[in-house]
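# Coordinate inspection notes
Spelled out, the chains give:
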Amino acid sequence: MLFENNLKLLRMCGRSSRYFVDHRRVKVVAGSGGDGASTFHSEPWKEWGGPDGGNGGAGGDIIIRVDRQVKSLSSVSTVYRGKDGEAGSSKNRYGRNASPTYIIVPLGTIVKEEGAMLVDLSLHDQLYTVVYGGAGGKGNRFFLSNENRAPLTATPGEKGQERVVQLELRTMAHAALVGFPNAGKSSLLRAISNARPAVAAYPFTTLKPHVGIVQYRDHQQVAVADIPGLIPGAHLNRGLGVAFLRHIERCRVLLYVLDMSSAEPWEQFQQLCFELDQYKPHLSHRPHAIVANKMDLPEARQNLEALRSRVHQTVIPVSALTGENTGELILHLRTMYDSYPRDSSQS
């Protein structure tokens, strides 16, 4: 009985903590316009009242709206259908226009169609009309003319637009912490920012990107993303795969976090650069530094000298656990952030 209760609890937790989704294929169909009416005015003592059929209402648009409180695309459905407009009626009454349907997405969502980018949604409450509803049909009153005093013609409402788009989420951060599982990235983010990601002594503690804000005295803020740990072959979609390599693309600064307690940590750096460049050529060449983490462990000191003799990049030794030398890391991060052109951050 106890086992069954625990199993039920685990299943409930699994449903409540939904998977982080950063890519979604969505079919959107806007609403159709309402039909126009073909009617004639009927009233006592008015035998020839004339046509009075009203026009139909417009179909509902489908609009993508950005909400900074939303962190994933998990709540986005695969199909959206807009509402249809109301049909026209007698006495020249027009049909009601249909209200729009909204798709709520996080900041940093990119909308694509067949691989081509349509819009980059990077502002809170930003709106993008992805499909437009069909126009309402015309009632027979619309066709009244001197040549035709009793038109019978009424047109149906137009069909709404239809398309298939891809929604892709990229982390909105200036710098990315890149490393293998259990390198101490989450602990480092906690040490230098206001973020509080989960920390544990086992790999793959981080299953979705966390973003922390580093505050400077001049009120400048730099967002740093803790990217889930990569493994060899990540560019081939192994492990957590390319789902999280996408987030690194948008970061203008890379911080390679190495576990200095492991054997030959310089090989970690070479493997990380390889994975990034296989995913996107020259991605690893962006402004970067090597963060030699876990310097509080005895074997790290010896590995630090060996690392510096094998790489030409800036190496910043830190201990996320004790906070040792994190101040130097924060200052160097600001230097790299200021030196990188703003308009090139997406390249």
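Refer to the structure printed above.
Anyway, here's the lowdown on the structure attached to this text. (Residues numbered from 1 in each chain as written. Predicted model: local features only at pLDDT ≥ 70, side-chain atom pairs only at ≥ 80, totals over all residues. Heavy atoms only, no water.)

## Notes on the environment of Val70
For clarity, the cut-off: Elements are defined by DSSP. Helices are runs of H or I of four residues or more, strands are runs of E of two residues or more, and each kind is numbered from the N terminus. Contact criterion: two residues are considered in contact whenever any of their non-hydrogen atoms come within 4.5 Å of each other.
Locating Val70 in the fold gives a position in the loop between β2 (62–66) and β3 (79–81). Note: C-alpha distance between Val70 and Ile104 (34 residues apart in sequence) is 7.8 Å. If we skip the residues at most four places from it in the chain, Val70 touches Ile104, Val105 and Pro106.

## With respect to the sheet that holds strand β9 (residues 175–178)
Let me state the cut-off plainly: Two strands make a pair as long as DSSP finds a minimum of two bridges between them. Between the N-to-C directions of two axes lies an angle of 0 to 180 degrees, each axis being a line fitted to C-alpha atoms and, for a helix, fitted only over the stretch in contact.
Taking strand neighbours across the sheet as the criterion, the 6 strands line up as β10-β11-β9-β12-β13-β14 in an open arrangement whose pairing is mixed. Of all the strands in the sheet, just β10 (210–215) and β14 (315–317) have a single pairing partner and so form its edges. When strand polarity is set aside, the average angle formed by the axes of neighbouring strands in this sheet is 25°. The pairing of strand β12 (residues 253–259) with strand β13 (residues 288–293) spans 6 bridges and is classified as parallel. Of the residues in β13, the one forming a bridge with Val257 is Val291. Contacting β12, β13 and β14, helix α5 (residues 298–310) crosses the sheet at an angle of about 170° to β14. Its contacts with the sheet put helix α6 (residues 326–339) on β9, β10, β11 (221–226), β12, β13 and β14, and the angle it makes with β12 is roughly 150°.

## Considerations on the sheet that holds β2
Reading across from one edge, β4-β2-β7 is the order of the 3 strands in this open sheet, with mixed pairing throughout. Looking along the sheet, the strands with just one partner apiece sit at the ends: β4 (101–105) and β7 (127–131). In this sheet, neighbouring strand axes are inclined to one another by 30° on average, regardless of whether the strands run parallel or antiparallel. Pairing analysis gives 4 bridges linking β2 to β7, with the strands arranged antiparallel. Paired with Arg65 across the two strands is Leu127, which belongs to β7.

## Some points on the pattern of salt bridges
A pair can form between side chains of opposite charge whenever their charged atoms are brought close. Put simply, the test is: Should a side-chain nitrogen of Lys or Arg be within 4 Å of a carboxyl oxygen of Asp or Glu, the pair is scored as a salt bridge. Each residue's exposure class comes from its accessible area (1.4 Å probe, protein chains only) as a fraction of the maximum for that residue type: buried when under 20%, exposed when over 50%, partly exposed otherwise.
Counted by the stated rule, this structure contains 10 salt bridges. Between Arg334 and Asp218 there is a salt bridge, with the nearest N and O atoms lying 2.7 Å from each other. Highlighted residues: Arg334 in helix α6 and Asp218 in the loop between β10 and β11, separated in sequence by 116 residues. Given a relative accessible area of 16%, Arg334 falls into the buried group. In this structure, a network of salt bridges that share partners links the residues Asp218, Arg334 and Asp338.

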